[in-house]
Amino acid sequence: MKKTNKISGSEAVIKCLLEEGVDIIYGYPGGAIMPIYDELFKYEDKLNHILTRHEQGATHAAQGYARVSGKVGVVTATSGPGATNLVTGIADAQIDSTPMVCITGQVASHLLGSDAFQECDIIGISTPVTKWNCQITKASDIPEVIAKAFYIAKSGRPGPVLVDITKDAQFELMEFKYKKCNSIRSYIPIPKFSINEINKAAELINNSKKPFIVFGQGVILGNAESEFKQFIEKTGIPAAWTILGLSALSSDHPLNVGMVGMHGNYGPNVLTNECDVLIAIGMRFDDRVTGNLETYAKQAKIIHFEIDPAEVNKNVNVDIAVLGNVKDTLPELIELVKEKSHTNWINKFHSFYKKEFDKVIKNDLYPSKEGLTMGEVIREINEISKGNAIIVSDVGQHQMVTCRYASFNHSKSNVTSGGLGTMGFALPAAIGAKMGAPDREVIAIIGDGGYQMTIQELGTIFQTGCAVKIVVLNNEYLGMVRQWQQMFFDKRYASTEMVNPDFVKIAKGYFIDGKKIKKRENLKSSIKEMINSKKPYFLEVCVEKEANVFPMIPSGASVSDVRLE
C-alpha cells in the first residue's frame, strides 16, 4: 500500500505559521478551533501559545508584540463569541496600522447559514475593520490563504487580517506545500514615488522661512528613523509628533518641539497656523490633531509624505503629495534640500514652551500642593528608567499625561491605542510588548477605569511569569470624561465616579507583588522598587481626583484656540 504524505488542514495551519517564522500565538481555545489546538499541542516545543483570559486580551497582546518587535502578531480563537470578542482589537489594529493575523475556527461547512451552535458570520462582521479577510472551507486552500494573509498584514500600510476556517477543513487531509506570498495582482502595497513631486517638495522647503514638520507612526513602520533624523538635522526644521509618532525621534533631540493635537504642546499647536510650509510625514491628519479643519494651516503650503494614497486629500487638501515608504522617499529629498538653521523660528517654539511650562508643566511635574499628580509619577519613572523603558499606556487622562511627559531614547517604545481609543488596551498590550522585547523594561500606565476592563489578564501574567510592571493612576473617576463634564456640562458628573476594589489584594490574589501609595515621600522609592523587581509588579498611585489635563483644544475649535487652563 502506498504511503501517503497527506496531513490534516489543522496541522497545515501550524506548519504555515512556522514557515512564516511565528514563535508566539495569543489565543483562547473552543470547539470550532479544537483541531488546530490539538495540533498545536504536538508543536509546543516550536510555537509558544499564550492562553489569555479573554479573546480581546489576545488581540491587544498581539498588538503590543507587533508594535515593539516589528513582526506580525498572531491570534487564534473559536467561532461565535470567540470570534466576535476579537473585533475590538481588530478594529484597533486597523486604525493604528498594526500587522496582525487572526485565525478563527468556524462550524462545519455544511452547517454554514443554519444558525448552528456558535455559528457567526465573522467575515461579514469583520469586513469593515480588516485589511483583508477570507473564509476557508477546503483544506487545500489553507497554505495559499495563510501566505497571502501574512503578506497583506505586513506589507505597505500594515493592518489586521482574519482567516476563518471551517471545522471540516481542519480535519480534511491534504498534500502540504508552502510558498510565501510576495505579490498579489492588483495589490500595490507601496506606490511608486514621483521624483518630480520630491523636486517640488524640496523647492518649497528650501524657500521656506517658517517650515514645520508633523511626523507620525509612518516613520516607525517604515523603519525610517535614521533617515528622518538626517532630514531634520540637515534642514534645521522643528518637528512635532502625533501620539503614535512618539519615540521615532528621541525626546531630548533639540529639534523635537513636542506633541500636536488636543492635549499637545502649546507651541506646536498655535504655530501650526503660523508656519509657511507644513510637512506631514507618515501621519493621516486625524481630527484630534487638526481640530477644526476650516481653520487648519490655511496660510501654509502643505506637503504630505504618505504610503497610503487613500489618506492623501482625505481630511486636508495638500499642495504636494509624495507617495511611497518614507524609508525610500526621504533619502531622495535629503539629496535636494539645503543645509539650514531656523533659529528665530525655533526660538518662537521655545518661548511658547516657556509660557506652557510656567502655566502647566511646572505644576504637573513639580507640584507644590499636597496631592500627587500623574505628571510627577511619569517624571519619577523617567528619572529611574533613564528613557530606556517601553511604556504602554491605556486611554484617558493618564494616556495624555504619559505621552506628554514620558522620555524615550529608542524607537518602538511608546505603545498606546491611538485612533480607536480602546480602554482596557494597556494591560494585555504590555504582556505582548514584554514578550516582543524580553530584554527591555515594560511599564504599563493605566487608569482605574480602563484597568478593570481587562483586569483578568493578571491571570495571563501569573501563568506566564511575564515581568511587566503595572502602574495604576487612581483618581476614582473616569477622568477624561469627568474633565469634559466639568468644562462643558456644568460639572454634571454623570456615571463617571468609580467605586473601586482593593487593587493590591486583587494583584496578590494572582500572586503578583504590589503596593499602594498616597504620599509623595513614598513615590520615588516605590517606583525604584518596582523597576528593580525581576518579577511582575503592581503599583497603585492615588492621584488628585479632579485634576485636568492641559493644554486642551476644545472639541470643534481651532488649533490656535488651545487653552492653558
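Please read these numbers as outputs of a predicted model, since none were measured by experiment.

*Asks:* Would you mind showing me how to read the overall build of the protein here?
*Replies:* Summing up its helical and strand segments, the protein has 23 helices and 20 strands in all. Taking 24 Å as the expected radius of gyration for a compact globule of 565 residues, we find that the protein reaches 24 Å, a close match to that expectation. When its C-alpha atoms are laid out on the principal axes, the protein stretches across 85 × 60 × 40 Å. Of all 565 residues assigned to the protein, the portion counted as buried reaches 59%. Restricting the contact set of the protein to residue pairs at least 6 apart, pairs at least 24 apart contribute 77%. Surface accessibility of the protein: about 23000 Å² in total, with carbon and sulfur atoms responsible for 50%. Here the protein contributes 62 positive and 63 negative side-chain charges, whose respective centroids are spaced 4 Å apart.

*Asks:* In this structure, what is going on with the sheet that holds strand β15 (residues 390-393)? I would like to understand it.
*Replies:* Strand pairing in a sheet relies on backbone hydrogen bonds. The paired strands run either parallel or antiparallel. Spatially, β16-β15-β17-β18-β20-β19 is the arrangement adopted by the 6 strands of the open sheet, whose pairing is parallel. Single-partner strands in this sheet number two, and they are β16 (414-416) and β19 (513-517). Within the sheet, the average angular offset between the axes of one strand and its neighbour, ignoring direction, is 15°. In the sheet, β15 pairs with β16 via 3 bridges, with the strands oriented parallel. The partner of Ile-391 across the bridge, within β16, is Asn-414. Against the sheet, helix α3 (residues 55-69) contacts β15 and β16, and its axis sits at roughly 155° relative to β16. Packing of helix α17 (residues 397-405) onto the sheet brings it into contact with β15, β16, β17 (442-447) and β18 (469-474), and relative to β17 it is tilted by some 140°.

*Asks:* Looking at this model, I keep getting lost on the layout of surface pockets. Mind explaining?
*Replies:* In this approach the atoms are scanned with a rolling probe the size of a water molecule, which exposes any empty space left behind. Empty space within the second largest pocket amounts to approximately 680 Å³. Surrounding the second largest pocket, 30 residues form its lining, Ser-251, Asn-256, Gly-258, Tyr-353 and Arg-404 being those nearest its centre. Counting only elements with at least two residues in the lining of the second largest pocket, the list comes to β11 (256-259), α12 (266-272), α15 (343-365), α16 (374-385) and α17. With 8 residues, α15 is the largest single contributor of residues to the lining of the second largest pocket.

*Asks:* It is not clear to me how the packing of aromatic side chains should be interpreted in this structure. Could you clarify?
*Replies:* The description of two aromatic rings rests on the distance between their centres and on the angle between their planes. With the rule as written, the count across this model stands at 14 aromatic pairs. Taking 5.5 Å as the distance between ring centres and 70° as the angle between the ring planes, the aromatic pair formed by Trp-484 and Phe-488 counts as edge-to-face. Pair noted here: Trp-484 and Phe-488 are both in helix α21 (residues 479-488), with a separation of 4 residues, about one helical turn. Assessed through its relative accessible area of 21%, Trp-484 is described here as partly exposed. Assessed through its relative accessible area of 32%, Phe-488 is described here as partly exposed. Linked through ring pairs, Phe-212, Trp-345 and Phe-349 together constitute an aromatic cluster. Across the ring face of Tyr-477, the terminal group of Arg-482 is positioned such that the distance to the ring centre comes to 5.7 Å.

*Asks:* Please explain the domain arrangement of the protein as it appears in this structure.
*Replies:* A common way to express how large an interface is: the accessible area buried when the components associate. One can read the domain layout of the protein as domain 1 (6-175), domain 2 (195-349) and domain 3 (370-542). Averaged C-alpha coordinates put domain 1 and domain 2 at centres separated by 37 Å. Across the boundary between the two partners, domain 1 contributes 7 residues, which contact 7 residues of domain 2. Together, the buried faces of domain 1 and domain 2 total about 630 Å²; carbon and sulfur atoms form 54% of this surface. Counting every contact that joins domain 1 to domain 2 gives 2 salt bridges. A salt bridge links Asp-308 to Arg-157; its shortest N-O distance comes to 2.8 Å. On inspection of domain 1 and its partner domain 2, the count reaches 3 residue pairs in polar contact (both at pLDDT 80 or more). Class assignment for the residues of the side of domain 1 that touches domain 2 results in 2 nonpolar, 2 polar and 3 charged.

*Asks:* Before we go on, may I ask you to explain the state of the cysteines in this structure?
*Replies:* Joining two cysteines, a disulfide is a covalent bond between their sulfur atoms. The full count for this structure, using the stated rule, is 0 disulfides. We note that Cys-16 lacks a disulfide partner, and the nearest cysteine sulfur, in Cys-181, lies 12 Å from it. With no disulfide of its own, Cys-466 has Cys-102 as its nearest cysteine by sulfur position, at a separation of 20 Å.

*Asks:* Looking at this structure, how should I read unusual backbone geometry?
*Replies:* Note on backbone geometry: most residues besides glycine have negative phi, and most peptide bonds are trans. Going from Phe-550 to Pro-551, the amide bond is cis rather than trans, its omega being 0°. Tracing the chain through its elements places Pro-551 in the segment after β20 (537-542). Positive phi outside glycine occurs at Ser-97, with the angle close to 55°. Residue position: Ser-97 is located in the loop between α5 (87-95) and β5 (100-106). Of note, Asn-223 is a non-glycine position whose phi angle comes to about 50°, a positive value. Along the chain, Asn-223 falls in the loop between α10 (218-221) and α11 (225-235).

*Asks:* Looking at this structure, how should I read helix α18 (residues 426-436)?
*Replies:* Residues spaced three or four apart along an α-helix point in a common direction, a consequence of the helix completing one turn every 3.6 residues. A large share of α18 lies buried, amounting to 10 of its 11 residues. The set of residues buried in α18 consists of Ala-426, Leu-427, Pro-428, Ala-429, Ala-430, Ile-431, Gly-432, Ala-433, Lys-434 and Met-435.

*Asks:* Can you help me understand the sheet that holds strand β14 (residues 320-323) in this one?
*Replies:* Taken in spatial order, the 6 strands make up an open sheet running β11-β10-β9-β12-β13-β14, and their pairing is parallel. Among the strands making up the open sheet, the edge pair consists of β11 and β14. The mean angle between the axes of side-by-side strands here comes to 20°, regardless of whether they run parallel or antiparallel. On top of the sheet, helix α14 (residues 326-336) reaches β12 (277-281), β13 (301-306) and β14; it is set at about 135° to β13, its chief contact.

*Asks:* How should the pairing of β14 be read in this particular structure?
*Replies:* Two faces make up the sheet, and in a regular strand the side chains alternate between them. Of the two faces of β14, only one is covered, namely that formed by Ile-320 and Val-322; the face formed by Ala-321 and Leu-323 stays uncovered. Pairing analysis gives 4 bridges linking β13 to β14, with the strands arranged parallel. Residue pairing for β14: Phe-305 is matched across the bridge by Val-322.

*Asks:* Whenever I open this one, the nonpolar core confuses me. Can you help?
*Replies:* Proteins that are soluble and globular tend to have nonpolar side chains buried together. Phe-231 and Ile-281 are the most contacted members of the largest nonpolar core, which has 97 residues in total. Ranked by residue count, the leading element in this core is α15, at 7 residues. Domain assignment of the residues forming this core places at least three in each of domain 2 (195-349) and domain 3 (370-542). Grouped together as the second largest cluster of nonpolar side chains are 49 residues, Ile-90, Val-392, Ile-431 and Cys-466 included.

Calculation rules
Residues numbered from 1 in each chain as written. Predicted model: local features only at pLDDT ≥ 70, side-chain atom pairs only at ≥ 80, totals over all residues. Heavy atoms only, no water. Helix = DSSP H or I, 4+ residues; strand = E, 2+ residues; numbered from the N terminus. Rg over C-alpha atoms; globule rule 2.2 N^0.38 Å. Buried < 20%, exposed > 50% of the residue type's maximum accessible area, 1.4 Å probe, protein only. Contact = heavy atoms within 4.5 Å. Areas by Shrake-Rupley, 256 points an atom, 1.4 Å probe, with all protein chains shown as cover. Lys, Arg positive; Asp, Glu negative; His and termini not counted. Charge placed at Lys NZ, Arg CZ, Asp CG, Glu CD. Pairing = 2+ DSSP bridges. Axes fitted to C-alpha atoms, helices over the stretch in contact; angles between N-to-C directions. 1 Å grid on protein atoms, 1.4 Å probe; cavity = no way out; pocket = protein on both sides within 12 Å on 5 of 7 lines; lining within 4 Å. Points joined across faces, edges and corners; volume = space filled by probe spheres on them. Phe/Tyr/Trp six-rings, centres within 6.5 Å; stacked < 30°, edge-to-face > 60°. Lys NZ or Arg CZ within 6 Å of the ring centre and 35° of its normal. Domains from an automatic or database assignment. Buried area = accessible area lost by both parts, 1.4 Å probe. Salt bridge = Lys/Arg side-chain N within 4 Å of Asp/Glu carboxyl O. Polar contact = N/O pair within 3.5 Å; in protein donor to acceptor, adjacent residues only side chain to side chain. Nonpolar A, V, L, I, M, F, W, Y, C, P; charged D, E, K, R; others polar. Disulfide = S-S within 2.5 Å. Core = buried A, V, L, I, M, F, W, Y, C linked by side-chain atoms within 4.5 Å.

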